[in-house]
Amino acid sequence: MKRILVLALCVFTLFGLAGCAQSANTPQTASKQDQPLVIATSADLGSIDPAVAMDNAAWKISYPAYDRLVNFKGSSTDVEPSLAKSWDISADGLTWTFHLRDDVKFADGTPLDAAAVKFSFDRLLKIKKGPSDAFPSLENVTAVDKNTVLFKLKTVFPPFLSTLATNGGGIVNPAVMKHEKDADMGQNWLATTTAGSGAYVLAEWVPEQSLKLTANPNYWGSKPKLSTIIIKIVKDPSAQRMALEKGDVDVAENIPVDQLKELKKNPDLTIFETPSLMVDYVYLNTQKAGLKNPKVRQAISYAVDYQGIIDNVWQGNATQMRGPIPNGLWGYQPDLLQYTRNVEKAKALLQEAGVNNLTLNFMYSDRKPWWEQEAQIIQSNLADIGIKVNLQKIAYAAQREKIDKGDFDMTIGVWSPDYADPYMFMNYWFDSKNFGLAGNRAFYKNAEVDKLVRKAASINNQTERIELYKQAQQLIMQDAPYVFLVQKKYQLPMRKSVQGFVFNPMLEDMYNFQAMSK
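Positions within a chain are numbered from 1, following the residues in the order the chain's sequence is written. Since the coordinates come from a predicted model, pLDDT governs what is reported: local features require at least 70, and pairs of side-chain atoms require 80 or more to be given and counted, while whole-chain, interface and lining totals use all residues. With hydrogens and water set aside, each side-chain value is computed from the structure's full complement of heavy atoms.

Would you take a moment to explain the layout of surface pockets for this structure?
Gaps between atoms show up when a probe of the same size as a water molecule is rolled over them. Residues are said to line a cavity or pocket when one of their atoms sits within 4 Å of a point; the points come from a 1 Å grid over protein atoms alone, cavities being sets where a 1.4 Å probe fits but cannot get out and pockets being open sets with protein on both sides within 12 Å along at least five of seven lines. Grid points are joined across faces, edges and corners, and a volume is the space filled by probe spheres set on the points. Approximately 1,200 Å³ is the volume found for the largest pocket. In terms of lining residues, the largest pocket is bounded by 47 residues, among which Met 54, Lys 129, Gly 130, Leu 437 and Ala 438 are the most central. For the purposes of this entry, the term helix denotes a DSSP run of H or I that reaches at least four residues, the term strand denotes a run of E that reaches at least two, and both are numbered from the N terminus. Elements with a contribution of two residues or more to the lining of the largest pocket: helix H11 (396-405) and helix H12 (423-430). Here the term charged refers only to Asp, Glu, Lys and Arg, the term nonpolar to Ala, Val, Leu, Ile, Met, Phe, Trp, Tyr, Cys and Pro, and the term polar to all other amino acids, Gly among them. Grouping the constituent residues of the lining of the largest pocket by class yields 21 nonpolar, ten polar and 16 charged. Here the second largest pocket is characterised by a volume of approximately 600 Å³. Lining the second largest pocket we find 26 residues, and of these Tyr 63, Asn 71, Phe 72, Asn 512 and Gln 514 sit closest to its centre. Those elements giving two or more residues to the lining of the second largest pocket turn out to be helix H1 (56-65), strand S2 (70-72) and strand S3 (79-81). Each residue belonging to the lining of the second largest pocket can be placed in one class, and the counts come to 14 nonpolar, eight polar and four charged.

Please clarify how unusual backbone geometry should be interpreted in this entry.
With the exception of glycine, most residues fall at negative phi, and the peptide bonds are largely trans. Phi at Ala 183 is positive, roughly 60°, even though this residue is not glycine. Relative accessible area decides the class of each residue, using a 1.4 Å probe on protein chains only: under 20% of the type maximum gives buried, over 50% gives exposed, and in between gives partly exposed. Ala 183 sits in the exposed class, given a relative accessible area of 63%. For Asp 509, which is not a glycine, the phi torsion comes out positive at approximately 70°. The residue Asp 509 is located in the segment after strand S19 (490-495) in this model. Relative accessible area serves as the criterion here: at 13%, Asp 509 is assigned to the buried category.

Would you mind going over the pattern of salt bridges with me for this structure?
For side chains bearing opposite charge, pairing can occur when the charged atoms are close. Just to be clear on terms, a salt bridge is a Lys or Arg side-chain nitrogen sitting within 4 Å of an Asp or Glu carboxyl oxygen. Scanning all chains against the criterion turns up 21 salt bridges. Between Lys 265 and Glu 262 there is a salt bridge, with its nearest N and O atoms 3.1 Å apart. Each member of the salt-bridge network shares a partner with another, and the members are Asp 431, Lys 445, Asp 450 and Arg 454.

Would you mind going over the sheet that holds strand S4 (residues 84-89) with me for this structure?
The strands making up a sheet associate through backbone hydrogen bonding, with each pair oriented either parallel or antiparallel. The rule for pairing is simple: two strands pair if DSSP sees at least two bridges between them. Strand order in the open sheet made by the four strands is S4-S5-S7-S6, with antiparallel pairing throughout. At either end of the open sheet lies a strand with only one pairing partner, and these are S4 and strand S6 (138-145). Sheet twist, expressed as the average angle between the axes of neighbouring strands with direction ignored, equals 20°. Note: S4 against strand S5 (residues 95-100), five bridges, orientation antiparallel. By the bridge assignment for S5, Ile 89 is matched with Trp 96. Pairs of residues are marked as contacts when any of their non-hydrogen atoms sit within 4.5 Å. Every axis in this analysis is a line fitted to C-alpha atoms, fitted for helices over the stretch in contact. Angles between the N-to-C directions lie between 0 and 180 degrees. In the packing of helix H2 (residues 114-127) onto the sheet, contacts are made with S5, S6 and strand S7 (148-153), and the angle to S6 comes to roughly 165°.

Dropping the structure here:
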């Protein structure tokens, strides 16, 4: 992950050679703050409240609108000071004291102080939705004085500092309580607006059409180079491609990988490519009658043509997952069981389970352009072992609602870590306390796995944690609660006029807007 490359868009030599973004035949023009950056994405967003949102698409808006105590540094997984200029840690690792900057204001001009930090984390823990799961050991927060805030942990939590850089760590203006209804702590209001101190504010949201961010005039940091960011909802990938090539949009997020090769020939475009930690996988609802038996789930995993998906859907720009922890993150096990297509073995497992004439519904949405093709391949693969799959394409918001309620047989999703710790996969996906959108989307429960992952999350010794996670992974692969499909390469087509984009593997589908320009 340290090798993730920064996209440098304006590097030239006297011989006219371009860096990785600027065409040798395109004269560079001065950056103009009044030129909006326009991004095409395929689906509208759910709530953008930092205490509620569990979707990178929503974080695309909320992350630049809120500040956190610390931030991820550039393209690395390290953290650096942000609202907190320094911090102290007690010898037992349970007390963290943060010293705040004294020059920060919210977008409405009111000061951001220790009381606001306390309010934000108290609110997060009280609302108790997905983002709060990043702080499982947080006991309380105390505003010691105007610029000092103290966090008390119940138990040691190794990735605590990094969790403060996640979207859930965004500091919210206490004035949000003026909009509280039915004791919701302003959730309904904050679902569609912003109340932070970040570089941008949400200025407009036209559902199913577009969102507009504008520069925060009270921002304490360096003045953003772009005054306006526009996110356009363009559901059709072909329409996204056309808009990108015409220059109607600057970045297109959802162009199928099989079209990127042609786009590389366009002298006005560049494809930013780098390894990532994003994975693509299928959730098998282990609480459903047809999927309760691990042998049935193993049969499904053996039926899938992983290489066919890599070759046909990803054009070779992905690798098959080997268990839940992606390659490149510590805790990855290169010798872990990896399912490969074996139709006869899959049929035998179904026979051992006493299952025949099984019918399953496979739910998916248009949030990712490749999901439909993967769903069709898996439908065909499972037909080969006698399982009938009905495909159900629904709106993304409806898909997420059904996932949270467990109202599905099979569905598909992507996941990328918010911080560089296997906790992001092992505890979110498999701890039975996290059913639904919180992370355990297979509604999987194994008491021994619970014991192992919880212990791994309570100690600092990385060697011991790796061993605990290894034991848990071995059990998980036998239980097969998910179909572990692929780990994808990050690819983002954009116009060469876009400058300053930095990819961080912890911030997949998000942008460093304040440093970008055109």
